[in-house]
Amino acid sequence: MNIPFRKDSKFCSFFSYSKTFVAIVIAILLSIPSLVYAQDSTAAAGAAPAGGGDAAKGEALFKNNCAQCHAVTDERVVGPGLKGASARHDFAWLSKWVRNSQAVIASGDPYAVKIYNEYAKAQMTSFPNLSDDDIKGIFAYIDQAGAAAPAAAAAPAAGGASGGAASAQGGGPSDLFVIVLGALVVVMLLVLGVLLVIVSLLSKAVSGEPGVVVEKEDFMTRLGSSLKRIASDPAIRSATIWIFVLLVLKATIDGAYSVGVQQGYAPKQPISFSHKLHAGEYKIDCNYCHTGVNRGKSAHIPSANICMNCHGVIKKESPEIQKIYTSIENNQPIEWVRVHNLPDLAYFNHAQHVNVGGLECQNCHGEVEKMEVIQQRSSLTMGWCIDCHRKTEVNTKDNKYYDKLVQLHAGESKEALKVADIGGLECSKCHY
Ligand code: HEC
Ligand code: HEC
Ligand code: HEC
Ligand code: HEC
Ligand code: HEC
Ligand code: HEC
């Protein structure tokens, strides 16, 4: 007997196909964050306390407070290498010393007096605010990192520290991984869309002719014929062509706008100078090297003399540091490759922005203290300057120059005084 086709029963199973499919896609979408961050949690687990103190917390404390003067190895920086310090002293001595080394020296402690003299009476900073737990954590970290660093005396002072940072960073997902996952999801969603279209086309076809007996076609033939129908639909075809044309057009326009824009430019420099090491780990102030930022138009690139303030003693044997010596001996400046460069028609002044405006370097240059190689992070286009001038309030605090202007402005408008209001959009302010 021939049972007439009942669309609900047959299509029920069809819909449950697509329901399963939706469920799969949702499951994949939900699992992405955990896939991506799974690596992070293993990295965190790797940095678990070594016993005694919390080494992970200690690492941050060490890098923020001690790393500019101490290495975790045997090597001498400003103070002695701290490898084995927790074995040389009991904890009571260490905690007293770290909180106030001068008091320990003044008490006549023979070891303290000896190293104080040995280090030419250099005074170690006091850290009265560190708790016992903090100090335990710091030495737990030193023991862990000191053991991980190569035993050779020539091991770089920062070797242990930067190694730690690098492995912590390695925990993040690679860009490629995220892109591949993203692409997969997009493909999945497209397939899902096509399936749903097919379902709706088929159900429309069937609902037009109720009671029709449909032959038992297998799923693939149905899919094939529906795809053919979609491909031959003139509306869909012309839509596809339009989308293609618009994409090409957009790519061309974007390309034209980016002529002369060097965002992301990060050339190789003649000496592998690292901001991550100097400004990040050793926390040397930007101002120490870029002496012009508060005083004038140009920030200045430091001369070799500034490097010699430290490298006269630190790491002299490194081939990279030897390049500084060569440059001084030959009286030839180091030929750094310029990264940021506005065209001559534009005028930009650092002091105006940093000193008067109170802006952080990072507003415009990004997280320089994390860059191994310096990179241009902002586009440096006119639109970029103008956009910030429209949005940013003028730093009028403790600046008498602005008092009258603020008063006048408050009479005219309820909004705060923006850079745009003091002429930050006038052509002649930025163009000679
Ligand atoms: C400004 C530089 C400086 C900073 C910052 C500094 N120290 Fe020191 N530290 C020294 C100097 C210099 C000595 C050698 C003794 C002296 O001259 O007072 C020393 C000695 C020590 C000693 C004794 C070393 C030994 O071998 O017995 C310990 C332990 C120590 N510091 C721990 C720390 C810890 C922990 C921190 C961070 C919380 C820290 N120091 C931060 C300069 C510093
Ligand atoms: C120890 C000295 C030193 C310190 C500290 C330092 N810099 Fe630099 N900086 C340099 C040197 C040398 C160069 C040129 C070599 C290079 O590009 O890496 C440079 C280059 C730059 C450049 C690119 C210049 C160009 O060619 O366009 C920027 C931007 C910059 N530094 C910002 C900063 C900021 C922001 C800080 C603080 C977070 C900082 N610097 C701290 C020495 C230093
Ligand atoms: C305030 C001190 C200070 C100044 C100024 C300074 N450095 Fe350094 N620099 C350091 C310290 C500390 C290290 C880490 C040394 C170590 O790893 O033992 C270092 C490491 C380096 C290294 C890595 C050396 C290696 O082989 O591991 C290079 C290259 C370097 N500095 C270049 C420069 C240049 C170029 C300048 C001048 C623009 C400069 N430094 C200015 C303190 C300074
Ligand atoms: C308002 C944005 C802005 C801020 C804030 C800023 N810079 Fe710049 N910086 C620029 C621009 C734009 C250039 C390119 C200037 C040029 O080519 O004339 C530049 C160039 C530089 C250069 C290359 C040398 C030069 O002067 O041309 C260095 C080094 C530099 N900046 C360091 C710093 C440091 C350090 C700070 C923080 C104290 C800082 N900048 C804050 C926008 C900024
Ligand atoms: C991150 C925000 C920011 C960016 C980006 C920025 N500026 Fe500014 N700019 C300011 C602020 C804030 C002031 C106000 C400083 C003050 O109080 O005088 C200012 C002031 C100025 C002034 C003085 C305006 C006046 O009327 O006194 C000039 C000129 C200027 N900027 C040029 C530029 C140029 C050129 C660029 C792009 C290369 C630029 N700025 C990018 C924030 C920015
Ligand atoms: C806040 C600063 C600022 C103001 C105000 C400003 N400009 Fe610019 N302008 C720039 C900078 C920076 C560049 C260079 C951009 C680049 O290299 O991409 C530029 C580039 C240009 C260029 C060259 C375009 C190119 O692509 O090379 C022209 C033309 C120009 N500006 C005209 C004007 C006119 C007209 C005004 C007034 C209505 C004006 N600008 C106001 C900062 C400014």
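Predicted model, so just to flag it, every value in this text is computed and none were measured.

### Things to note about the overall build of the protein
Inference 1: Scanning the protein from N- to C-terminus turns up 20 helices and 0 strands.
Inference 2: Evaluated residue by residue, the protein yields a buried proportion of 27% over its 432 residues.
Inference 3: In the protein, of all internal contacts separated by at least 6 residues, the share reaching a separation of at least 24 is 68%.
Inference 4: Accessible surface for the protein amounts to roughly 27,900 Å². Of this, 63% is attributable to carbon and sulfur atoms.

### Some details on the site of ligand 3
Inference 1: By nearness alone, 22 residues border ligand 3, and H278, C307, C310, H311 and S318 come closest of all.
Inference 2: Between a nitrogen atom of ligand 3 and a side-chain N or O atom of H311, the distance comes to 2.7 Å.
Inference 3: S318 has a polar side-chain atom sitting 2.7 Å from an oxygen atom of ligand 3.
Inference 4: Elements with a contribution of two residues or more to the shell around ligand 3: helix 12 (275-281), helix 14 (304-311) and helix 15 (319-329).
Inference 5: The element that contributes the greatest number of residues to the shell around ligand 3 is helix 14, accounting for 4 residues.
Inference 6: Residues belonging to the shell around ligand 3 are distributed by class as follows: 16 nonpolar, 4 polar and 2 charged.

### What about the layout of surface pockets?
Inference 1: Taken as a whole, the second largest pocket holds about 1,200 Å³ of empty space.
Inference 2: F348, H353, C385, H389 and C430 are, among the 48 residues lining the second largest pocket, the residues nearest its centre.
Inference 3: If you list the elements that add at least two residues to the lining of the second largest pocket, you get helix 16 (350-356), helix 17 (361-365), helix 18 (382-391) and helix 20 (427-430).
Inference 4: By residue number, the principal contributor to the lining of the second largest pocket is helix 18, which donates 6 residues.
Inference 5: Its residues assigned to classes, the lining of the second largest pocket comprises 27 nonpolar, 18 polar and 3 charged.

### Quick word on the coordination of the iron atom of ligand 3
Inference 1: Around the iron atom of ligand 3, the donor atoms from the protein are H278 (NE2) and H311 (NE2), and they sit 1.9 Å away.
Inference 2: With 6 donor atoms in place around the iron atom of ligand 3 and angles of 87 to 179° between them, the coordination shape is octahedral. Here H278, found in helix 12, pairs with H311, found in helix 14; they are 33 residues apart in sequence, far enough to count as distant.
Inference 3: What makes H311 buried here is its relative accessible area of 13%.

### Thoughts on the environment of N341
Inference 1: Tracing the backbone through its elements, the reader meets N341 in the loop between helix 15 and helix 16.
Inference 2: The exposed category is assigned to N341, whose relative accessible area is 53%.
Inference 3: Along the sequence, N341 and L380 sit 39 residues apart, while their C-alpha atoms lie 8.4 Å from each other.

### Side note on the coordination of the iron atom of ligand 4
Inference 1: Around the iron atom of ligand 4, the donor atoms from the protein are H350 (NE2) and H365 (NE2), and they sit 2.0 Å away.
Inference 2: Considering all 6 donor atoms around the iron atom of ligand 4, the spread of angles at the metal, 87 to 178°, places the coordination shape in the octahedral class. Pair noted here: H350 is in helix 16 and H365 is in helix 17, with a separation of 15 residues, a long-range link.
Inference 3: Taking relative accessible area as the criterion, H350 reaches 17% and is therefore assigned buried.
Inference 4: Judged by its relative accessible area of 22%, H365 is partly exposed.

### Remarks on the pattern of salt bridges
Inference 1: Taken as a whole, this structure holds 10 salt bridges when the rule is applied.
Inference 2: Of the charged contacts, one joins K63 and E59 as a salt bridge, the two residues approaching to 2.8 Å between their closest N and O atoms. Pair noted here: K63 and E59 are both in helix 2 (residues 55-65), with a separation of 4 residues, about one helical turn. Considered together, K63 and E59 belong to a single accessibility category, that of buried residues.
Inference 3: In this structure, the salt-bridge partner of D387 is K391, at a minimum N-O distance of 3.1 Å. Residue D387 and its partner K391 are located together in helix 18, separated by 4 residues, close to a single helical turn.
Inference 4: Judged by its relative accessible area of 38%, D387 is partly exposed.

### A few points about the site of ligand 1
Inference 1: Near ligand 1 lie 24 residues; those nearest to it are C66, C69, H70, R88 and M124.
Inference 2: In the model, a nitrogen atom of ligand 1 is placed 3.3 Å from a nitrogen or oxygen of the W97 side chain.
Inference 3: Note that an oxygen atom of ligand 1 is positioned 2.9 Å from one of the side-chain N or O atoms of Y111.
Inference 4: Among the elements of the structure, helix 4 (91-99), helix 6 (110-118) and helix 7 (132-148) are those that each provide at least two residues to the shell around ligand 1.

The rules we used
Residues numbered from 1 in each chain as written. Chains lettered and ligands numbered in written order. Predicted model: local features only at pLDDT ≥ 70, side-chain atom pairs only at ≥ 80, totals over all residues. Heavy atoms only, no water. Helix = DSSP H or I, 4+ residues; strand = E, 2+ residues; numbered from the N terminus. Buried < 20%, exposed > 50% of the residue type's maximum accessible area, 1.4 Å probe, protein only. Contact = heavy atoms within 4.5 Å. Areas by Shrake-Rupley, 256 points an atom, 1.4 Å probe, with all protein chains shown as cover. Near = heavy atom within 4 Å. Polar contact = N/O pair within 3.5 Å; in protein donor to acceptor, adjacent residues only side chain to side chain. Nonpolar A, V, L, I, M, F, W, Y, C, P; charged D, E, K, R; others polar. 1 Å grid on protein atoms, 1.4 Å probe; cavity = no way out; pocket = protein on both sides within 12 Å on 5 of 7 lines; lining within 4 Å. Points joined across faces, edges and corners; volume = space filled by probe spheres on them. Donors = N, O, S within 2.8 Å, 3.2 Å for Na, K, Ca; no water. Tetrahedral: all angles 85-135°; square planar, octahedral: opposite > 155°, others 65-115°. Salt bridge = Lys/Arg side-chain N within 4 Å of Asp/Glu carboxyl O.

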